[in-house]
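Residue-level listing of the chains:
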Amino acid sequence: MTTQTNPFIHLTAPGIPALTPYVPGKPVSELERDLGIRDAVKLASNENPLGPGPKARKAIAAVLGEIGRYPDGGGYELRRVLGEHHGIAQSAITIGNGSNDVLDLVARTFLCPGVESVFSEHAFAVYAISTRAVGATARVAKARDYGHDLDAMAGLVTDRTRVVWIANPNNPTGTWLAAEPLKSFVGSLPRTCMVVVDEAYTEYVGEPDFPDATRWLEGFPNLIVTRTFSKAHGLAALRVGYGLSDPRVGELLNRVRQPFNVNALAQAAAAAAIGDREHVRASVELNRSGMRQLTEAFQRMGLDSIPSVGNFVTVDVGRPAGPVHHDLLRRGVIVRPVANYGLPNHLRISIGLEEENARLIAALEDILAP
Ligand SMILES: *Cc1c(COP(=O)(O)O)cnc(C)c1O
């Protein structure tokens, strides 16, 4: 149903009429149903193709018998383990039903009609959705070389700005910001403005001057860093992430947090996964070789891709990407079109297993053949 024909649209809170729903990658089961096939591959949602590691799997199995009870609303054990992992007080940690939930908590805590948030062109879609859902105004800075232009972003900050959103690295571009410029940007912001550094892909990044913004929390009480278990930890379906911040900011975020926002399986799996260095290492290694496999294929095919430090790569297919996306679906390969991110000729492709990447490459070669 379109906005125009929905008779309830006039009853909605400010901001809702202008919203369009987040478009997720198509589930494998749906495509297989549509096509009557059984071997579809999904390279569309930046999931870990290995799934969870053995420690998380074991923890989930161990807690299954307890799911008749509500989970621990405070997430005590998970926050204890995370506190230890980061060397940070538990009161600095806010748990979320995915890190998207934490982003939403930030919006609901600090944004409302009449105030603004700032983010970059091509930035993660949730910043716009969470901002507009609470009726605040989004100010979008032009990107530079597909990445965040910190000068352009600083130029949009006013006394009405309450939140600046930064994805490092960014999805869907895979671009990243080095420690020195990002830290000085954060330090230059007025303390009347929160700054979120979203580190959903941090485990994958090997660049020596890539920052860990959690190290800056003591110096910047207006900084919120978010992390997730959906990517390198392979727990996307369980929905668990967290924010790290000054405890006084955490106290505010927890005022609007639903008491049982993180389920028991997710809490147990996440607490086990954070200590499974071996699984993260194997996942990162697989990603590195898969990234090489895909980018070398793109080069062979004469396609430009945006250099990415994440577990996905966004490639310019040299023509409107919508029909190419469709042709890939018909061949059982699910990727993500990114026209809604202002990139109409690009497709974002998540790094999969070697054979999944090979399926994508073969299908793309076939579709783009002259
Ligand atoms: C995938 C992703 C997240 C994580 O979302 P979850 O809700 O934790 O699954 C957050 N930020 C960015 C930029 C992402 O791409």
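Structure first, text after, so check above.
All of these numbers come straight from a predicted model, not from anything done at the bench.

The rules behind the values
Residues numbered from 1 in each chain as written. Predicted model: local features only at pLDDT ≥ 70, side-chain atom pairs only at ≥ 80, totals over all residues. Heavy atoms only, no water. Core = buried A, V, L, I, M, F, W, Y, C linked by side-chain atoms within 4.5 Å. Buried < 20%, exposed > 50% of the residue type's maximum accessible area, 1.4 Å probe, protein only. Helix = DSSP H or I, 4+ residues; strand = E, 2+ residues; numbered from the N terminus. Contact = heavy atoms within 4.5 Å. Phe/Tyr/Trp six-rings, centres within 6.5 Å; stacked < 30°, edge-to-face > 60°. 1 Å grid on protein atoms, 1.4 Å probe; cavity = no way out; pocket = protein on both sides within 12 Å on 5 of 7 lines; lining within 4 Å. Points joined across faces, edges and corners; volume = space filled by probe spheres on them. Nonpolar A, V, L, I, M, F, W, Y, C, P; charged D, E, K, R; others polar. Pairing = 2+ DSSP bridges. Axes fitted to C-alpha atoms, helices over the stretch in contact; angles between N-to-C directions. Left-handed = near helix turned anticlockwise from the far one by under 90°. Polar contact = N/O pair within 3.5 Å; in protein donor to acceptor, adjacent residues only side chain to side chain. Near = heavy atom within 4 Å. Areas by Shrake-Rupley, 256 points an atom, 1.4 Å probe, with all protein chains shown as cover. Sits in = over half its atoms within 2 Å of the grid points.

S.K.: Sorry if this is basic, but what is going on with the nonpolar core here?
M.R.: Among soluble globular proteins, nonpolar side chains are generally buried collectively. Core analysis: the biggest nonpolar cluster contains 43 residues, and Val164, Ile166 and Phe229 have the highest contact counts within it. In terms of residue count, helix α9 (residues 264–273) provides more of this core than any other element does, six residues in total. Look past the residues within four positions of Val164 in its chain and what remains in contact with it is Val118, Met153, Val157, Phe185, Leu189, Cys193, Met194, Val195 and Val196. Leu111, Ala128, Val163 and Ile224 belong to the second-largest nonpolar core, a separate cluster that totals 28 residues.

S.K.: Any chance you could explain the environment of Asp276 here in plain terms?
M.R.: You can see Asp276 is positioned in the loop between α9 and α10 (277–300). According to the relative accessible area criterion, Asp276 is buried, its value standing at 6%. Between the alpha carbons of Asp276 and Pro54 there is a distance of 8.2 Å; along the sequence they are 222 residues apart. Among all residues touching Asp276, those that are not within four sequence positions of it are Gly53, Pro54 and Lys55.

S.K.: Is there a simple way to think about the packing of aromatic side chains in this case?
M.R.: Each aromatic ring pair is characterised by the separation of its centres together with the angle its planes make. As enumerated under the stated definition, the model contains seven aromatic pairs in all. Between Phe124 and Tyr127, the aromatic rings sit 5.6 Å apart at their centres with planes inclined by 80°, giving edge-to-face as the arrangement. Each member of the pair, Phe124 as well as Tyr127, carries the same accessibility label: buried. Centroid distance Tyr127 to Trp165: 5.3 Å. Interplanar angle 5°. Geometry classified as stacked. Taken together, the positions of Tyr127 in helix α5 (residues 125–133) and Trp165 in strand β5 (residues 161–167) put the pair 38 residues apart, joining distant regions of the chain.

S.K.: I'm lost on the layout of surface pockets in this one. Help?
M.R.: The gaps left among the atoms become clear once a water-sized probe is rolled over them. In this model, the largest pocket occupies a volume close to 780 Å³. Every residue lining the largest pocket is counted, 28 residues in all, and those nearest its centre are His85, His86, Asp212, Thr214 and Arg227. Secondary-structure elements contributing two or more residues to the lining of the largest pocket are α3 (76–86), β7 (223–228), β8 (241–245) and α10. Split by residue class, the lining of the largest pocket holds 13 nonpolar, eight polar and seven charged. Here the second largest pocket defines a volume of roughly 540 Å³.

S.K.: When you look at the sheet that holds strand β10 (residues 312–316) in this model, what are you seeing that I'm missing?
M.R.: Sheet strands line up and pair through hydrogen bonds in the backbone, either parallel or antiparallel. As summarised here, the arrangement of the four strands in space is β9-β10-β13-β12, forming an open sheet in which the pairing is antiparallel. The strands lining the two open edges of the sheet, one partner per strand, are β9 (304–306) and β12 (336–338). Neighbour to neighbour, the strand axes of the sheet diverge by 35° on average, direction disregarded. Where β12 lies against strand β13 (residues 343–350), three bridges are found, and the strand directions are antiparallel. Of the residues in β13, the one forming a bridge with Val338 is Leu343.

S.K.: Can you walk me through the packing of helix α2 (residues 54–63) against α9 in this structure?
M.R.: Each pair of packed helices gets described by two things: the angle between the helix axes and the distance between those axes. One can describe the packing of α2 onto α9 by two numbers: an axis separation of 8 Å at closest approach and a directional angle of 145°. α2 and α9 meet at a crossing whose hand is right-handed. Along its contact with α2, which presents Lys55, Ala56, Ala59, Ile60 and Val63, the element α9 presents Ala264, Leu265, Ala268, Ala269, Ala272 and Ala273.

S.K.: Please explain α9 as it appears in this structure.
M.R.: One turn of the α-helix equals 3.6 residues, which is why residues spaced by three or four share an orientation. By the criterion of burial, α9 is predominantly enclosed, with nine of the 10 residues buried. Listed in full, the buried residues belonging to α9 are Ala264, Leu265, Ala266, Gln267, Ala269, Ala270, Ala271, Ala272 and Ala273. Where α9 is buried, its residues meet α2, α3 and β2 (93–96). The opening residue of α9, the one whose side-chain oxygen lies 3.0 Å from the backbone nitrogen of Leu265, is Asn263.

S.K.: Quick question: what am I supposed to make of the site of the ligand here?
M.R.: As a structural note, the neighbourhood of the ligand is formed by Gly98, Ser99, Asn100, Phe124, Asn171, Asp198, Ala200, Tyr201, Thr228, Ser230, Lys231 and Arg239. Contacts to the ligand include Tyr201, whose side-chain N or O atom sits 2.5 Å from an oxygen atom. In isolation the ligand exposes 380 Å². Once the protein is present, 94% of that is buried. When atoms are counted within 2 Å of each cavity's grid points, the one that captures over half of the ligand is the second largest pocket. When grouped by side-chain class, the residues that make up the shell around the ligand number three nonpolar, six polar and three charged.

Read these as geometric descriptors, not functional statements.
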